Amino acid sequence: MSAAARKGHVQIKDVSVRFGSKGRMTEAASRVSLEVQPGEFVSIIGPSGCGKSTLLNIVAGFITPSEGEALLDGQPIGGPGADRGVVFQQYSLFPWMTVRKNVEFGLKMKGLGQNQREAAARSLLGMAGLLAFENHYPDQLSGGMKQRVGIVRALATSPQVMLMDEPFGALDSQTRTVMQEILTNMWQQLQLSVLFITHDIEEAIFLSEKVYVMTARPGRIKAEIPIPLPRPRTPEMTASPTFQALVRQLKALIREESLAAMGGELDNGGLQGIDHQFSHDGMKALI
Amino acid sequence: MPIAAQRLFHDLAPPDARAELAPARALARPEDTLRPPLPAAAAAPVAASPAERLWQSLRERAPAQLMALASLLGIVLFWHLATTYKLDLYIRFTNIPTPTEVLAKIVEVNASPKFIKNVGMSLRRIFIGFAIATVLGVALGMLIGRYRLTRNLLFPAMEVFRPIPAIAWVPISIMLWPDNEVSIVFITFIGAFFPILLNTISGVQAVDDVLLRASQCLGARERQIMWYVVLPGAAPQIFTGLAVGMGVAWVSLIAAEMISGQFGIGYFTWEAYSLISYPEIVLGMITIGILGLMCSGLIRFVGKALMPWLAYGARAGSMR
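Model, not experiment: these values are computed from the prediction. (Residues numbered from 1 in each chain as written. Chains lettered and ligands numbered in written order. Predicted model: local features only at pLDDT ≥ 70, side-chain atom pairs only at ≥ 80, totals over all residues.)

Draft legend 1. Region of the structure containing the overall build of chain B. A count of helices and strands for chain B gives 14 helices and two strands. Residues counted as buried form 34% of the 320 residues belonging to chain B. Relative to all contacts within chain B whose residues are 6 or more apart in sequence, the contacts with residues 24 or more apart total 68%. (Helix = DSSP H or I, 4+ residues; strand = E, 2+ residues; numbered from the N terminus. Buried ≥ 20, exposed ≤ 12 C-beta atoms within 10 Å, placed from the backbone. Contact = placed C-beta atoms within 7 Å.)

The structure is reproduced here in structure tokens:
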């Protein structure tokens, strides 16, 4: 591993997060501890509403934990910053900027001059196969391309950590598979630390070194599963016995939690409540 | 440029991934094909020569334009008949000038420096009042829209003044400002200010939160967020405010000029009434209409020039 990869050590220590005021307090996460080693690819998986995104938002600096601490390379995380690249679930490109200007944005905030910014953005876009679209506006791109530009934009400031909140959730399954391959190759190239949120079991296994399974709300770490698959990962591996065994193991863990999450609705929501829950997220986790 | 990032997408192992990365091949993927930039462009046949395309567009647009022309001609014709035969059915056309009289007046007045000066004065007042309203309205709107402190401090005061129509400010304005000219500009400003302010506030508040968070993650500081994210994000609605504000500014200006003015197209129109010069009244009205149309056209033009991305978005058409 290169020296650069020694950075990007994320630690969440005994973190609890509570929202709301007295009386109507919701606990989103309860005494969660997890760790992303420098250069490690870590996924968090769990039923919807378990507080996965809350954890990511803590590392991104948007949420301060009610208890416990979040550290980046040993330093407490104070707020959002360019040392952590974030890729959001929703498309988050600035619609008023062309693709290239979007990629340049972080460098502009750093104070780089126009020529440097342009050269850097063009070379990144070239490598991502997006150079032909540098002068397009985001609204002219397909979903997969938008998300690719979003990843390139987050990487432009060369962060030590990438935080990805279900970045491929809105894509169709074909595009999603290709994007996963791009991401896994990219991760190997850059040796970045990645914290990846998803509710797709195969996606988590395919990409990660380690998968954390969270419980239903309030979110706790239910299990920490190492993924011993070799690199580079290829689509063929998803058929291997190791992969399939991991899928079964994770499915079983998730199923328990999804049922627990639905338990409350079974009591008071009736059938309609279950249907709704199923179609949204439960299906993904249960199939 | 960090070396690590330089190597970013270089040498991607599986050929599949590379295919997805190469734009030329990626185009074959239905998922990656570009949306047509504009529906009109997509509808046009590819092989048509320029002449054919011109003929095509003329043929497509001709019926609508003919109908527009017909309704305008209809109005003029009715006006001509009603005034020539001095219709008197509850509404009375006895004293209304005929189109020909007005036309003669247009020709006569176009050569008169006094008329040109009236138009010039009105435009100057609009320009100054509207410019101040734009600067103050957008600046305050951004502060009120984004910060709770300024919102709590300033918004109640704005809400107290907002329901008062600009025309109601005329007497106070005359007392308030040292001379007539400034007080008319002030009325114009008041008219334009509130639509611009309110639209800016709501535009700022409607800026997608994920864009704000994305900019923070890319290292933007508050001032940069305001300039590079909040302002362009609110721009479409700010321009809506400018268009509405321009309309109200004209209403306010004409009223102020009629009441307290010296010079200006509103003054010209009212003076024509006092002097029983009826063709000039109609001429004044037509002039006001044309000037207002030009001003809102100018705002639309500037808006399109400054916000080219709107042509592609879900909101495409809002500025057309």
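Anyway, onward from the coordinates.
Draft legend 2. Highlighting the packing of helix α2 (residues 99-109) of chain A against helix α3 (residues 114-127) of chain A. All names here are of chain A. Axis separation between α2 and α3 bottoms out at 9 Å; the angle between their running directions is 125°. Judged on the interaxial angle alone, α3 and α2 are oblique. In this structure, the crossing between α2 and α3 has a hand that is right-handed. Here Val99, Arg100, Val103, Glu104, Leu107 and Lys108 of α2 lie close against α3, whose contacting residues are Arg117, Glu118, Ala120, Ala121, Arg122, Leu124 and Leu125. (Axes fitted to C-alpha atoms, helices over the stretch in contact; angles between N-to-C directions. Parallel < 35°, antiparallel > 145°, perpendicular 65-115°, else oblique. Left-handed = near helix turned anticlockwise from the far one by under 90°.)

Draft legend 3. Here's a closer look at the packing of α3 of chain A against helix α4 (residues 143-156) of chain A. Residues and elements named next belong to chain A. Here α3 crosses α4 at 135°, and the two axes come no closer than 10 Å. One finds that α3 runs oblique with respect to α4. Pair α3 / α4 crosses with right-handed handedness. Contacts between α3 and α4 involve Ala120, Ala121, Leu124 and Leu125 from the first element and Val152, Leu155 and Ala156 from the second. Grouping the amino acids of the contact of α3 with α4 by side-chain chemistry returns seven nonpolar, no polar and no charged. (Nonpolar A, V, L, I, M, F, W, Y, C, P; charged D, E, K, R; others polar.)

Draft legend 4. The arrangement of the environment of Phe193 of chain B in detail. Tracing the backbone shows Phe193 of chain B in helix α10 (residues 180-205). What Phe193 of chain B contacts, discounting residues up to four positions off in sequence, is Ala133, Leu136 and Gly137 of chain B.

Draft legend 5. Looking closely at the pairing of strand β7 (residues 161-165) of chain A. Residues and elements named next belong to chain A. Across the five residues of β7, five count as buried, placing the element largely inside the fold. Going residue by residue along β7, you find Val161, Leu163 and Asp165 tucked away on one face and Met162 and Met164 tucked away on the opposite face as well. For strand β6 (residues 84-87) and β7, the ladder comprises four bridges, and the chain directions are parallel. Paired with Gly85 across the two strands is Met162, which belongs to β7. Relative to strand β8 (residues 193-198), β7 runs parallel, the two being bridged by five bridges. Bridging from a neighbouring strand, Leu163 pairs with Leu195 of β8. Since β7 and β8 lie parallel, the crossover through helix α5 (residues 173-190) that links them has a hand, and here it is right-handed. (Pairing = 2+ DSSP bridges. Right-handed = clockwise from strand over helix to strand, strands pointing away.)

Draft legend 6. Molecular detail of the sheet that holds strand β2 (residues 26-36) of chain A. Residue and element names in this part refer to chain A. If you trace the four strands from one edge of the open sheet to the other, you get β2-β1-β4-β5, paired in antiparallel fashion. Among the strands making up the open sheet, the edge pair consists of β2 and β5 (75-76). Strand direction decides the pairing type here: strand β1 (residues 10-19) and β2, joined by seven bridges, are antiparallel. Considered in β2, the bridge of Phe19 is made with Thr26.

Draft legend 7. Fine view of unusual backbone geometry. Residue and element names in this part refer to chain A. Residue Arg231 is joined to Pro232 through a cis peptide bond whose omega torsion reads -5°. As for its placement among the helices and strands, Pro232 is situated in the loop between β10 (221-226) and α7 (241-268). In this model, Gln191 sits at a positive phi of 50°, which is unusual for a non-glycine residue. Looking at the element boundaries, Gln191 is found in the loop between α5 and β8. Residue Gln191 is classed as partly exposed on the basis of its C-beta count, with 17 C-beta atoms lying within 10 Å.

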